Amino acid sequence: MPRVRFITLGCRLNQAEEAIFAADFSANGWDVAFGGDDAGADGQEVVVLHSCAVTRMAERKTLQAIRALKRVDPTKTAPIVAVTGCATAALPEQVLRAAGADLIIPRTQYANLRFAIEAAIAVSSGFAPAAPPAGRASLRERPYLRPGRHHAMLKVQDGCDFRCAYCIVPYTRGPATSRPFAECVAEATAMAKAGVPEIVMTGCNLACYRDGVAGLPELAAAVCEAVAPMGATVSLGSVEPAICDEAIVALMLAHKNLKRFVHLPIQSGDSKVLALARRRYNGERIREILTLYRKKVPNLFLGADFITGLPGEDEEAFQRTCDLVKEFSFDHIHVFPYSPRQGTAALALPDIPSRAVARARAARLRTLTA
Ligand code: SF4
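Conventions and cut-offs
Along each chain, residue indices are assigned from 1 in the same order as the chain's sequence is written. In view of the model being predicted, local features appear only for residues whose pLDDT reaches at least 70, and side-chain atom pairs are presented and counted only at 80 or more, with totals across whole chains, interfaces and linings using the full set of residues. Water and hydrogen atoms play no part in the side-chain values, which are based on all heavy atoms of the structure. Helix and strand definitions here come from DSSP, where helices need a minimum of 4 consecutive H or I residues and strands a minimum of 2 consecutive E residues; each element is numbered from the N-terminal end. Here the globule rule is a power law, 2.2 Å times the number of residues to the power 0.38, and the radius of gyration is based on C-alpha atoms. Throughout this description, buried means an accessible area under 20% of the type-specific maximum (1.4 Å probe, protein chains only), exposed means over 50%, and partly exposed covers the range between. The contact criterion used is simple: two residues touch if any of their non-hydrogen atoms lie within 4.5 Å. For the accessible areas, the method is Shrake-Rupley and the probe is 1.4 Å, while residue cover comes only from the protein chains on display. In this analysis an axis means a line fitted to C-alpha atoms, helices contributing only their contacting stretch, and an angle means the value between N-to-C directions, from 0 to 180 degrees. Oblique is the label for every angle not falling under 35 degrees (roughly parallel), over 145 degrees (roughly antiparallel), or within 65 to 115 degrees (roughly perpendicular). Working rule for handedness: look at the near helix, and if it is turned counterclockwise from the far one by less than a right angle, call the crossing left-handed; if clockwise, right-handed. Under the scheme applied, nonpolar residues are Ala, Val, Leu, Ile, Met, Phe, Trp, Tyr, Cys and Pro; charged residues are Asp, Glu, Lys and Arg; polar residues are all the others, including Gly. Any Lys or Arg side-chain nitrogen located within 4 Å of an Asp or Glu carboxyl oxygen qualifies as a salt bridge. When we speak of the arc, we mean the arc of directions from the helix axis to the C-beta atoms. Residues enter patches when they are more than 30% accessible in relative terms and free of salt bridges; like-charged ones are connected within 9 Å and nonpolar ones (Val, Leu, Ile, Met, Phe, Trp, Tyr) within 5 Å. This count recognises Lys and Arg as positive and Asp and Glu as negative, with His and chain-terminal groups excluded. Taken as the charge centre is NZ of Lys, CZ of Arg, CG of Asp or CD of Glu, depending on the residue. Here, proximity means that at least one heavy atom of the residue falls within 4 Å of the molecule or strand. Two strands are counted as paired when DSSP detects at least two bridges linking them. Annotation comment: domain bounds sourced from an automatic or database domain assignment. The term buried area refers to how much accessible surface (probe radius 1.4 Å) is lost by two components on association, counted for both of them together.

**Q** Can you walk me through the overall build of the protein in this structure?
**A** A tally of regular secondary structure across the protein gives 13 helices and 15 strands. Computed over its C-alpha atoms, the radius of gyration of the protein comes to 22 Å, within 12% of the 21 Å expected for a compact globule of 370 residues. Taken along the three principal axes of its C-alpha coordinates, the protein extends 65 × 50 × 35 Å. Put simply, the protein has 370 residues, and 51% of those count as buried. When contacts within the protein are restricted to residue pairs at least 6 apart in sequence, long-range pairs at least 24 apart make up 75% of them. For the protein, the accessible area works out to roughly 16300 Å², and carbon and sulfur atoms hold 55% of it.

Laid out in C-alpha cells, this is it:
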C-alpha cells in the first residue's frame, strides 16, 4: 500500500484542508500518516507539505521543511515532496524547486492532488500516468477524522475580499467563498455521529461566511442544534471584529454547546495605525466590542492577535495597544512583529518601525498576559 505523509504548517484552515486531502487518499487505498520527521525512513514515500506564507518567517519555515525532507542519509530514499498551500502562490516555482520540491500543487489543482502524485510515481517508475477524471472540480470535503483527536476542523469558508494593508492572504487564498449551508450542517452532523467531541468551525475570514440570507451566526446556530443530540460541542475559529459580534454574543448565550471562546485578530489598539492598516474599526470601536464580549458573556475565554511595528506605530500608539491588552485582561494573545509582504499596500507606507523595534515591542506586549 503506498504511503502518504501530511506535514501541515500554518493556520486551522490548513489543518482542515489536510484532513480533506487525507480522506481522499485514505478512501483510495493509500496508507496515511501525519507529521513526523522520519519521512522516507522505509522506502519511497510521498510527503504533502501543506505550506504557509503569512509571514516571511512562515515562508522560511516552508523552505527549511522541504530541504530537511530531502536531506536523508544515503541509505535512505528521499521522499517525493509535493508542496501545497499558500507558499505555492507567494513563492516563485524555481525557489520551491531549488529547495527540493518535486511537485508544486496550487490551490486551483487540489481536486487532482492525488492524481498528480500518482502520475509522478508512475512516471518515476517508467509507467504511463493515469489521467485524472474529467471535470473533477473539487475534493469531496469529507475530512479524515484522526483517531483520538479531541476536535476536528470544519472548513466552511475560504479566501477574503478585504485588503488589509499588511496582509498577503487575499493574494494566496483568493476571493471569499462559502460552502453551502446544508453541506456544512451535514458535515458537522457526520463528525458528531463519528464521535468527534468538538467541532471547530474555520475559514479564512470566517465572519464573512455567507450562503444566501444565512451568515455565520445562522450557520453556527444550525450546527450547534444539529450536533447537540450527539453531545458534541462547537467552537469558532478566529473571527474578524466589527462584522457580527453582537450576534456571536447572542449565540453563546443561546447555545449551551457553543464554547465560550472567541479569538479576535485585533492587531492594534491605536486608531491611526488601524486606519493605515485598512482595518474596519478604530480604537474606540474595538473597545466597545471587547466591552460587549466581557460584559455579556460570563467565563469567556478571550484571545486576540496583535501585530507590533505596523506602519505609523510610534511609542504612543504602541502604548495604546498595551493599555488595551491590560484593560481587557485577555486570556491569550498571539503577537507577531510586522512582516513586510511583497504585493501588499503597507510596503509603500511611511513611518515603518525597524525590525528590532517591532520585535522589542512584541516581547513587551507578550509579558502583559503572562
Ligand atoms: S481580513 Fe484582512 S487580515 Fe484577514 S485575511 Fe482578509 S485581508 Fe487578511
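**Q** Whenever I open this one, the packing of helix H7 (residues 181-193) against helix H8 (residues 216-227) confuses me. Can you help?
**A** Each pair of packed helices can be described by the angle between their axes along with the distance between the axes. Closest axis-to-axis distance for the H7/H8 pair is 9 Å, and the angle between their directions is 30°. Between H7 and H8, the interaxial angle falls into the category roughly parallel. Crossing hand, H7 versus H8: right-handed. Facing H7, whose interface residues are Phe181, Cys184, Val185, Ala188, Thr189 and Ala192, H8 presents Glu218, Leu219, Ala222, Val223, Ala226 and Val227. Counted by class, the contact of H7 with H8 contains ten nonpolar, one polar and one charged residues.

**Q** In this structure, what is going on with the pattern of salt bridges? I would like to understand it.
**A** Across all of its chains, the model carries 28 salt bridges by this definition. With a shortest N-O distance of 3.0 Å, Asp158 and Arg173 are connected by a salt bridge. In this pair, Asp158 sits in strand S7 (residues 157-158) while Arg173 sits in helix H6 (residues 169-173), placing the two residues 15 residues apart along the sequence. When sorted by exposure, Asp158 lands in the same class as Arg173, which is buried. Between Arg320 and Glu316 there is a salt bridge; the shortest N-O distance is 3.2 Å. Here the residue Arg320 and the residue Glu316 both occupy positions in helix H12 (residues 315-327), the gap between them amounting to four residues, near one helical turn. Take Arg320: its relative accessible area is 36%, and that puts it in the partly exposed class. A relative accessible area of 54% places Glu316 in the exposed class. Salt bridges here are not isolated pairs; linked through shared partners, they connect Glu17, Arg107, Lys155, Asp158 and Arg173.

**Q** What is the right way to look at helix H9 (residues 245-254) in this model?
**A** Owing to its 3.6 residues per turn, the α-helix brings residues three or four apart onto one side. Burial in H9 covers these residues: Asp245, Ile248, Val249, Leu251 and Met252. The buried residues of H9 occupy an angular sector of 160° when the element is viewed end-on, so they sit on one face.

**Q** Hey, could you run me through a positive patch on the surface in this one?
**A** Taken together, the side chains of Arg56, Arg60, Arg355 and Arg359 make up a positively charged region of the molecular surface. Mapped by element, the contributors of at least two residues to the positive patch are helix H2 (56-70) and helix H13 (355-366). Relative to the helices and strands, Arg359 is located in helix H13.

**Q** Is there a simple way to explain the site of the ligand in this structure?
**A** As a structural note, the neighbourhood of the ligand is formed by Cys160, Phe162, Cys164, Tyr166, Cys167, Val169, Pro170, Asn205, Glu240, Arg279 and Arg280. Classifying every residue of the shell around the ligand by side-chain character gives seven nonpolar, one polar and three charged.

**Q** Hey, could you run me through the sheet that holds strand S1 (residues 3-8) in this one?
**A** Remark on secondary structure: sheet strands pair via backbone hydrogen bonds, oriented parallel or antiparallel. What the five strands build is an open sheet, ordered S2-S1-S3-S4-S5; its pairing is parallel. At either margin of the open sheet sits one strand with a lone partner, and together these are strand S2 (31-34) and strand S5 (103-104). Alignment of strand S4 (residues 80-85) against S5, held across two bridges, turns out to be parallel. Each residue of the ladder has a partner; that of Val83, found in S5, is Ile104. Strands in contact with helix H5 (residues 113-124) are strand S3 (46-51), S4 and S5; relative to S3, the strand with the most contacts, it is inclined by about 140°.

**Q** How should the domain arrangement of the protein be read in this particular structure?
**A** Accessible area lost on assembly of the parts is the figure often given for the size of an interface. Assigned domains of the protein: these are domain 1 (3-125) and domain 2 (151-369). Computed from C-alpha coordinates alone, the two centres of domain 1 and domain 2 are separated by 28 Å. Taken together, the 17 residues of domain 1 in the interface contact 19 residues of domain 2. Taken together, both faces of the contact between domain 1 and domain 2 bury some 1500 Å²; the carbon and sulfur share is 58%. Its largest share of buried area at the contact with domain 2, domain 1 owes to Arg12, Leu13 and Arg56, together 41% of the area lost on that side.

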